[in-house]
Amino acid sequence: GDNRVSAVLTLDPVNGAGPTGFSEARPDITSIVNGLTVPAGFLGETLDSTAEGFGQACAPEDQNFATLYTAATSASTRYQWTVEGADHMDFVDDEEACGFSCTICREGTAGDIGPITRTLAVAFALQHLEASAMDAYLTGSSLPAGVAVVSE
């Protein structure tokens, strides 16, 4: 609702309420995302969409980045980027500092996705905050390898 926000980029977001369910302190954000009228980017992975290991899905299929992309129907432009082989914790800068909670998700095969994340983040910012033509990096021939995109 803040008119100073002119674009939104998310890194493997989860619209999860946890075991207690949605509440005022932990709202279901799909209605908020649905109201976005600015460009919106949703970067994520699907490896952790089902339960494994400790019996939980770290980014449940019905609450992951793709569901938020689907909800963002009012966004002026929207992107859904899927990093193949990435896991939910690949989006954490320092997994060592994260501790035990970073060990409970599946281990992906994508390796270091930092360059992918930075490329898409910079291209998204340049395109939507600086009006630079970055379509090649966001949806075209310069899209990072291993990334699938859906865009409207």
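Above this text sits the structure in question.
Criteria and thresholds
- Residues numbered from 1 in each chain as written.
- Predicted model: local features only at pLDDT ≥ 70, side-chain atom pairs only at ≥ 80, totals over all residues.
- Heavy atoms only, no water.
- 1 Å grid on protein atoms, 1.4 Å probe; cavity = no way out; pocket = protein on both sides within 12 Å on 5 of 7 lines; lining within 4 Å.
- Points joined across faces, edges and corners; volume = space filled by probe spheres on them.
- Nonpolar A, V, L, I, M, F, W, Y, C, P; charged D, E, K, R; others polar.
- Helix = DSSP H or I, 4+ residues; strand = E, 2+ residues; numbered from the N terminus.
- Buried < 20%, exposed > 50% of the residue type's maximum accessible area, 1.4 Å probe, protein only.
- Lys, Arg positive; Asp, Glu negative; His and termini not counted.
- Salt bridge = Lys/Arg side-chain N within 4 Å of Asp/Glu carboxyl O.
- Polar contact = N/O pair within 3.5 Å; in protein donor to acceptor, adjacent residues only side chain to side chain.
- Contact = heavy atoms within 4.5 Å.
- Pairing = 2+ DSSP bridges.
- Axes fitted to C-alpha atoms, helices over the stretch in contact; angles between N-to-C directions.
- Phe/Tyr/Trp six-rings, centres within 6.5 Å; stacked < 30°, edge-to-face > 60°.
- Lys NZ or Arg CZ within 6 Å of the ring centre and 35° of its normal.
- Core = buried A, V, L, I, M, F, W, Y, C linked by side-chain atoms within 4.5 Å.

A. How the structure looks around empty space enclosed by the protein. Throughout the structure, instances matching the rule amount to one cavity of 30 Å³ or more. Roughly 30 Å³ of internal volume is contained in the largest cavity. For the largest cavity, the full set of lining residues is D48, T50, E52, Q56, A57, C58, I104, C105 and R106. Taken together, the residues of the lining of the largest cavity sort by class into four nonpolar, two polar and three charged.

B. Seen up close, the side chain of D12. Mapped onto the fold, D12 is located in the loop between β1 (8-11) and α1 (30-34). The side chain of D12 is buried and forms no salt bridge, while R106, the nearest opposite charge, is found at 11 Å. Within the local environment of D12, its side chain forms a polar contact with the side chain of H88, the two groups lying 2.5 Å apart. Residues contacting D12, with those up to four places away along its chain left out, are L43, G44, E45, A59, F65, H88 and F91.

C. The arrangement of the sheet that holds strand β4 (residues 147-151) in detail. Spatially, the four strands line up as an open sheet ordered β1-β2-β3-β4, and their pairing is mixed. Here the strands that pair on one side only, and so sit at the sheet edges, are β1 and β4. For this sheet, the mean angle separating the axes of adjacent strands, direction not counted, is 15°. With four bridges joining them, β1 and strand β2 (residues 40-44) adopt parallel strand pairing. For V8, the partnering residue across the bridge sits in β2 and is A40. Its contacts with the sheet place helix α4 (residues 114-129) against β1, β2, β3 (78-83) and β4, and it is angled at close to 170° to β3.

D. Up close: the packing of aromatic side chains. Evaluated as defined, the whole model comprises four aromatic pairs. Here Y79 and W81 contribute two aromatic rings whose centre-to-centre distance is 4.9 Å and whose plane-to-plane angle is 10°, an arrangement assigned as stacked. Across this residue pair, the class does not change: Y79 and W81 are buried. Grouped by ring-pair contacts, the aromatic residues Y79, W81 and F124 constitute a single cluster. Looking at R78, its charged tip hangs above the ring of Y69, at a distance of 4.4 Å from the centre.

E. Summary view of the nonpolar core. The biggest cluster of nonpolar side chains holds 15 residues, and the ones touching the most others in it are L43, W81, V83, F91, L120, L138 and V147. Counting residues per element, the ones that place at least two in this core are β3 and α4. Sort the elements by how many residues they give to this core and α4 lands first, with four residues. Residues in contact with F91, not counting those within four places in the same chain, are L11, D12, L43, G44, E45, V83, A86, I113 and T117. Core analysis: the next-biggest nonpolar cluster, separate from the first, contains 11 residues, L36, A40, L68 and Y69 among them.

Function cannot be inferred from these measures alone, as they are strictly geometric.
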